[in-house]
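A structural walkthrough
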Amino acid sequence: MSSGAHILCVANQKGGVGKTTSALNLAHSLVRQSRRVLLVDLDAQANSTSVLMADESIAPEQSVYVVFKDKHKADPLILTGRIAGLDLLGAHLKLAEVETLLAGAVDGFFRLADALQDCRERYDCIILDCPPNLGMLTVNAFVAANSLLVPLQTAKFSLDGLTAILDTATTIQGRFNPGFRVLGALLTMHNARTAISQAFIEPIAEYIHLFQSRISRAVAVEEAHMMHQTIFEYQPGSKVALEYETLGQEVWDAIQEG
Ligand SMILES: Nc1ncnc2c1ncn2[C@@H]1O[C@H](COP(=O)(O)OP(=O)(O)OP(=O)(O)O)[C@@H](O)[C@H]1O
Ligand SMILES: [Mg+2]
C-alpha cells in the first residue's frame, strides 16, 4: 500500500440502500474529527455532488468523468465546497458512458487508482461513493481502495446480493489489489424494534463483520438531502447525526487497526 490517505469504498450493487447518505455523512463525521477528507462521487446520478455543491451542476470536464475518458489526474479536478476540510471530486451524467468507453481498454480497471496517486498525500481519507452496480466504475473503486464498507438495508437485503459483492471484492483482491479488505457492513434505515430487523442480523454476521453503529430510519435524512445538506449541517443534534458521529469513530478505529 502506498502512503497517504486511506481509500475507503462505499458500495452495494443494490439501489437506494444508503450508500450516498453514508458516504457523505461519514465523510463529514471524519472531518469533524479533524481528518482531511476527499469524497469521490462515482455515480452518474451525482447525488453526493449535488449535496456538496448545493445543487450547482459541474461541467463534464471538471468531473471524475475525464479521469476515465482522458486518464486525467484527480488533483486539478478537486473542488472545495462549503465544508472546510471536505473536498469533492464530482460526478457528471456523462459517467454513464464510462462502461462503453472502457470496454476493451487494457488499463481500464486502473484509471481511478492512477488518477488518485498524486493527491493521496493531501488527505487522511478518500471516500468513494459507488453507483448501484458492479460495473467498471465499482471495479475501478475496488482496485483503487484499501477497504470496503457495505451499507445494507434490512428491507432490501438478499444473501445472494451480499455474496455477489463479497465475491467481486475477493476476485479484485486476488488479481489486482492484494491489500484490499472488507472493513464491514453498516445497517442503514434500521428499525431495531421490528422482528425482521433482528432476525436479519444473525445470518449476515456469518458473512461479514457488522459495525456496532447502526443508522436509524429518520425523516431528517430525506429533509437534509432535499436541502442539499449533510445531517451535521441540517440537524447536528439529531439521533442520526449522533449515529454517524459514532460510525466515524468506529470506522477510523477499524482503519487504524488494519
Ligand atoms: N437513515 C435514513 N432514514 C431515512 N431515509 C434515508 C436514510 N438513509 C437514506 N435515506 C433515503 O433513502 C434514499 C436512498 O438513499 P441513498 O441515496 O443514500 O442510497 P444509495 O444507495 O446511494 O442509492 P443509489 O443506489 O441510487 O445510489 C434517499 O432518498 C435517502 O434520503
Ligand atoms: Mg447513491
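My aim in this report is to walk through the structure given alongside it, one point at a time.

All right, on to unusual backbone geometry then. With the exception of glycine, most residues fall at negative phi, and the peptide bonds are largely trans. The phi angle at Ser34 is positive, at roughly 70°, despite the residue not being glycine. When the 8 C-beta atoms within 10 Å are taken as the criterion, Ser34 is described as exposed. Backbone geometry at Met189 places phi at a positive 45°, although glycine is not the residue there. Among the structural elements, Met189 can be located in the loop between strand S7 (181-188) and helix H8 (195-205).

Turning next to the site of ligand 1. Surrounding ligand 1, one finds 20 residues, the nearest of these being Gly15, Lys19, Thr20, Thr21 and Pro132. Residue assignment for the shell around ligand 1 shows that the elements contributing at least two residues are helix H1 (19-32) and helix H9 (219-226). In terms of residue class, the shell around ligand 1 is made up of seven nonpolar, nine polar and four charged.

What follows concerns H1. The terminal C-alpha atoms of H1 lie 20 Å apart, and with 14 residues this matches the ideal 20 Å at 1.5 Å per residue to within 8%. A positive backbone phi angle near 70° is found at Ser34, which sits one or two residues after H1.

The rules we used
Residues numbered from 1 in each chain as written. Chains lettered and ligands numbered in written order. Predicted model: local features only at pLDDT ≥ 70, side-chain atom pairs only at ≥ 80, totals over all residues. Buried ≥ 20, exposed ≤ 12 C-beta atoms within 10 Å, placed from the backbone. Helix = DSSP H or I, 4+ residues; strand = E, 2+ residues; numbered from the N terminus. Near = placed C-beta within 6 Å. Nonpolar A, V, L, I, M, F, W, Y, C, P; charged D, E, K, R; others polar. Expected span 1.5 Å × (residues − 1).

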